[in-house]
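Geometric and topological summary
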Amino acid sequence: MLSDKVIVVEGRSDKQRIQKIIAEPIEIICTNGTVSPSRLEELLTPYEHGDMYIFVDADESGEKLRALIKREFPEALHLYTDVTYREVETTPMKVLATILLGANIEVKSQFIT
């Protein structure tokens, strides 16, 4: 059974970092960078009836992917890391936890400041 929440990230290291923080069953999908519209649809259509969160890097490839997702899945909720950190992978864990909490995603208590 598919989770009713999904977080879309770019890479495996982003996925692993977020998995350490979340405290609820959420599917995390890796796009492995920018993908074609058809591949994106193939990846995400099974999750379109749940809560879809997009958490990609604050760089050119992340913004291209975000724009594509906005076009194909306009109902998705977008989470943003600060441009200071540029990447989800390099964002401090407590900052990630705060961003996830802001989206009503449960996080493990040790990451709450």
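Structure report, in brief. (Residues numbered from 1 in each chain as written. Predicted model: local features only at pLDDT ≥ 70, side-chain atom pairs only at ≥ 80, totals over all residues. Heavy atoms only, no water.)

**Concerning the overall build of the chain**
Under the convention used in this document: Under the scheme used here, helices are H or I runs from DSSP no shorter than 4 residues and strands are E runs no shorter than 2 residues, and both carry numbers assigned from the N terminus. Put simply, the radius of gyration uses C-alpha atoms, and a globule should come to 2.2 Å times the residue count raised to 0.38. Burial status follows relative accessibility: with a 1.4 Å probe on protein chains alone, a residue under 20% of its type maximum counts as buried, one over 50% as exposed, and anything between as partly exposed. Surface accessibility in these figures is a Shrake-Rupley result with a 1.4 Å probe; residues are shielded only by whichever protein chains are displayed.
Each helix and strand counted, the chain has four helices and four strands in total. Of the regular secondary structure in the chain, the N- to C-terminal order runs β-α-β-α-β-α-β-α. The C-alpha atoms of the chain give 13 Å as radius of gyration, which agrees with the globular expectation for 113 residues (13 Å, within 12%). Principal-axis analysis of the C-alpha atoms gives the chain an extent of 40 × 35 × 20 Å. Expressed as a percentage of the 113 residues in the chain, the buried residues total 46%. About 6100 Å² of surface is accessible on the chain, with carbon and sulfur atoms providing 50% of the total.

**Section: the packing of helix H2 (residues 37–44) against helix H3 (residues 60–72)**
Here is the rule: Axis definition: a line fit to C-alpha positions, over the contact stretch in the case of helices; interaxial angles, taken between N-to-C directions, run 0 to 180 degrees. The scheme is simple: roughly parallel for angles under 35 degrees, roughly antiparallel for over 145, roughly perpendicular for 65 to 115, oblique for anything else. Note on convention: near helix rotated counterclockwise from far helix by under a right angle means a left-handed crossing. Clockwise means right-handed. Throughout, a residue-residue contact means that at least one pair of heavy atoms, one from each residue, lies within 4.5 Å.
Look at H2 against H3: their axes get within 11 Å of each other, and the N-to-C directions meet at 65°. By the criterion of interaxial angle, the relationship of H2 to H3 is roughly perpendicular. Here H2 and H3 pass one another in a crossing that is right-handed. Note on element contacts: H3 touches H2 through Leu 65, Leu 68, Ile 69 and Glu 72, opposite Pro 37, Leu 40 and Glu 41.

**Details of the nonpolar core**
This is how the line gets drawn: The term nonpolar core refers to a set of buried residues drawn from Ala, Val, Leu, Ile, Met, Phe, Trp, Tyr and Cys, joined through side-chain atoms within 4.5 Å.
Counting 21 residues, the largest nonpolar core has Ile 7, Ile 18, Ile 21, Phe 55, Leu 100 and Ile 105 as the members making the most contacts within it. Looking at this core element by element, the count peaks at five residues for helix H4 (residues 93–102). Other than its neighbours up to four places away in sequence, Ile 18 contacts Ile 7, Val 9, Ile 28, Phe 55, Val 88 and Leu 100. Judged by nonpolar contacts, the second largest core, of 16 residues, contains Val 8, Ile 29, Leu 40 and Met 52.

**As for the packing of helix H1 (residues 12–21) against H4**
When two helices pack together, you describe them by how their axes are tilted relative to each other and by the distance separating the axes. Let me state the cut-off plainly: Polarity classes work like this: nonpolar for Ala, Val, Leu, Ile, Met, Phe, Trp, Tyr, Cys and Pro, charged for Asp, Glu, Lys and Arg, and polar for all others, with Gly in that last group.
Their axes nearest at 10 Å, the elements H1 and H4 cross at an angle of 75°. Classed by the angle they form, the pair H1 and H4 counts as roughly perpendicular. Contacts from Arg 17, Ile 18, Lys 20 and Ile 21 in H1 reach Met 93, Leu 96, Ala 97 and Leu 100 in H4. Classifying every residue of the contact of H1 with H4 by side-chain character gives six nonpolar, no polar and two charged.

**Let's talk about unusual backbone geometry**
Phi is positive for Arg 86, close to 65°, though the residue is something other than glycine. Within the fold, Arg 86 resides in the loop between strand S4 (77–80) and H4. With a phi close to 60°, Asn 104 is a non-glycine residue in the positive phi region. Of note, Asn 104 is situated in the segment after H4.

The values are spatial; any link to function lies outside them.
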